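What follows is the residue order along each chain.
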Amino acid sequence: MTAAPDLVLTGAEVRTLDPARPRATAVAVRDGLIAAVGDERDVPGWRGPRTEVVDLRGAHLVPGLVDAHSHPVWGLDMATGADLSGVTGLAALRAALAGATRVDGWVIGHGLDHNAFEGRPVDRALVEDVLGGAPAFLRLYDGHSALATGAALAAAGVTGARVFEQRSEVVCDADGRPTGHLVEHAAMRLVESVMPRPSYAARRKRLVELLAAMAATGLTGAHVMDEGDAELVGAVAEETVLPLRLRFAPWCMPGVDGAGLAELVAAQGRGGRHWTVDGVKFFMDGTVEGGTAWLEHADCHGQGTAAFWPDPDAYAAAVRRLHAAGVRTATHAIGDAAVRHVLDVVAGLGAGAAGRHRIEHIETAPDALLPRFAELGVAASMQPPHTAYTRADGADEWSRRLGTTRAGHAWRLRDLRDAGATVALGSDWPIAHYDARAVLATARAPRGAASAGAGLTGLEALEGCTSHAARAAGESERAGRIMVGHRADLTALGLDPVTAPTDELTEAPIRLTVTGGHVVHRGE
């Protein structure tokens, strides 16, 4: 080193994920980058008069953990009001709503499990009588559907079905009466536009608190699958160090024209310290529980045979335009038909597409599709905590809709890794909790419908939140490993995340989180 480091971490069991030097006990950081990787005997020669030296006392230091699919800014609005994630049945839902705090006269809730309706259709008639006439908007956990009461629909002027450019629906009964079930973003936005919204100051405070809480679970970065709020994030980044490095991929929705695509291209590279716009997010389908996952064959309700883009060829044209402009893409594809279509589109881009495109979620996929991920260089971005919304006995809404065969192809993390795919891992917060330790643990031991299959090894799970996450973002040359010249994004845990039992891993102490050379969390 030609100059003394800013930070030296010593006394650690360092797992670098660098094949040339997989283990070390000390790391030096300068100007936000790894300056040296070595042993305890190297430390005296590294330190200078202004070097901060942190003795990690035997903690396990790994590359900084990254959530490869998250919504930390958009999620501030999604995760407002009453937390309904613990509601397991209709009686409990009614009780929770009866006692819920009003926000400017509204009852707002989030995290509601489809299974709470006990197999009944989602309908406002099931809850309106306990609300005393208050308008209510309840987001279901999948983020793609909601239940609105009659008063909320009236406030938004929704009296019947609507036609949308994207695959969305205001669900109505046989008499044309809106049931309150709003499916997909365009339908939900009708009511969201008239709901109470937190102030800028409140949102700023919540963002700062949220990012600090995320860093406390060991996260140093997130691939943000929406456009976020550039004004809010930029202001916070100028005032303080963002605890997480945020990469935003704004949405490209059906109906986009040439000007809209040009705007997406122009947005690439915008940002500031620890945040940037890099990529574009598409939706090829919705969710299994909502009946909007695009399936090769209809689900048990006769739904799921249509794409989110009413004209799938228009999706292909948009991807081609962005690819030609050098823009990376990520596409939400849950059903087998959606996954197949995205792979087909990438195959049509030619050899230059390898490593530039990714698919999000992949909740069910047949054997024939798995090798194509590695063949085409398409990353699989998956969220192991989502498996907890299903049940091993198949009694949940997700499994019932798909049937035995397709439910048996649930979240094929192990099979995709065996097929040679890049498998990046995340939480999809606020759909599931952001805790990086839970992501690692459930990747090793999937739950519910996926529990019959093998999970990832401890090392593969760690790679999913580090080196494979970096590969999915096109950052392998500067992130995901502890190597000289790589970003100084580092996580120190009290337990080895590779070998610790999964139940202990979820409670592992986070001793230190370092993002861009800045210590953003110190544990006990």
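Keep in mind that this is a model prediction, so the values were computed, not measured.

Asker: Could you clarify how one ought to interpret the sheet that holds strand E18 (residues 275–277) in this entry?
Answerer: Across a sheet, paired strands are connected by hydrogen bonds in the backbone, their directions being either parallel or antiparallel. The mixed open sheet is built from five strands, whose spatial order is E8-E15-E16-E18-E17. For this open sheet the edge positions go to strand E8 (65–70) and strand E17 (271–272), each flanked by a neighbour on one side alone. Contacting strand E16 (245–248) and E18, helix H7 (residues 230–239) runs over the sheet at an angle of about 150° to E18.

Asker: Would you mind showing me how to read the nonpolar core here?
Answerer: Across soluble globular proteins, you tend to see nonpolar side chains buried next to one another. Leu246, Phe282, Met284, Ile359 and Phe373 are the most contacted members of the largest nonpolar core, which totals 96 residues. Looking at which element gives the most residues to this core, the answer is helix H10 (residues 336–347), with seven residues. Once you skip the residues sitting within four places of it in the chain, Leu246 turns out to touch Pro72, Leu211, Ala222, Val224, Val233, His274, Trp275 and Thr276.

Asker: Help me out: how do you make sense of helix H9 (residues 312–324) in this one?
Answerer: For an α-helix, 3.6 residues make a turn, and residues three or four places apart therefore share a direction. An ideal rise of 1.5 Å per residue puts 18 Å on 13 residues; H9 measures up with 19 Å between its terminal C-alpha atoms. Listing the buried residues of H9 in full gives Pro312, Tyr315, Ala316, Ala318, Val319, Leu322 and His323. Viewed end-on, H9 has its buried residues packed into an arc of 165°, placing them on one side of the element. Set apart from the buried face of H9 by more than 90 degrees, the exposed residues are Asp313 and Ala324. Looking at the buried residues of H9, the elements they touch are helix H8 (258–267), strand E19 (280–283), strand E20 (329–333), H10 and strand E21 (357–361). Where H9 ends, the next residue or the one after it, Gly326, has phi of about 80°, a positive value.

Asker: What exactly am I supposed to notice about the pattern of salt bridges here?
Answerer: Any two side chains of opposite charge can pair, on the condition that their charged atoms come close. This model, assessed by the stated rule, comprises 33 salt bridges. In this structure, Asp415 and Arg412 form a salt bridge, with 2.9 Å as the shortest nitrogen-oxygen distance. Here Glu475 makes a salt bridge to Arg478, at a shortest N to O gap of 3.9 Å. You can call Glu475 buried: its relative accessible area is 4%. Using a relative accessible area of 36% as the deciding quantity, one classes Arg478 as partly exposed. Here the residues in one salt-bridge network are Arg247, Asp278, Glu475, Arg478 and Arg487, joined through shared partners.

Procedures and definitions
- Residues numbered from 1 in each chain as written.
- Predicted model: local features only at pLDDT ≥ 70, side-chain atom pairs only at ≥ 80, totals over all residues.
- Heavy atoms only, no water.
- Pairing = 2+ DSSP bridges.
- Helix = DSSP H or I, 4+ residues; strand = E, 2+ residues; numbered from the N terminus.
- Contact = heavy atoms within 4.5 Å.
- Axes fitted to C-alpha atoms, helices over the stretch in contact; angles between N-to-C directions.
- Core = buried A, V, L, I, M, F, W, Y, C linked by side-chain atoms within 4.5 Å.
- Buried < 20%, exposed > 50% of the residue type's maximum accessible area, 1.4 Å probe, protein only.
- Expected span 1.5 Å × (residues − 1).
- Arc of directions from axis to C-beta.
- Salt bridge = Lys/Arg side-chain N within 4 Å of Asp/Glu carboxyl O.

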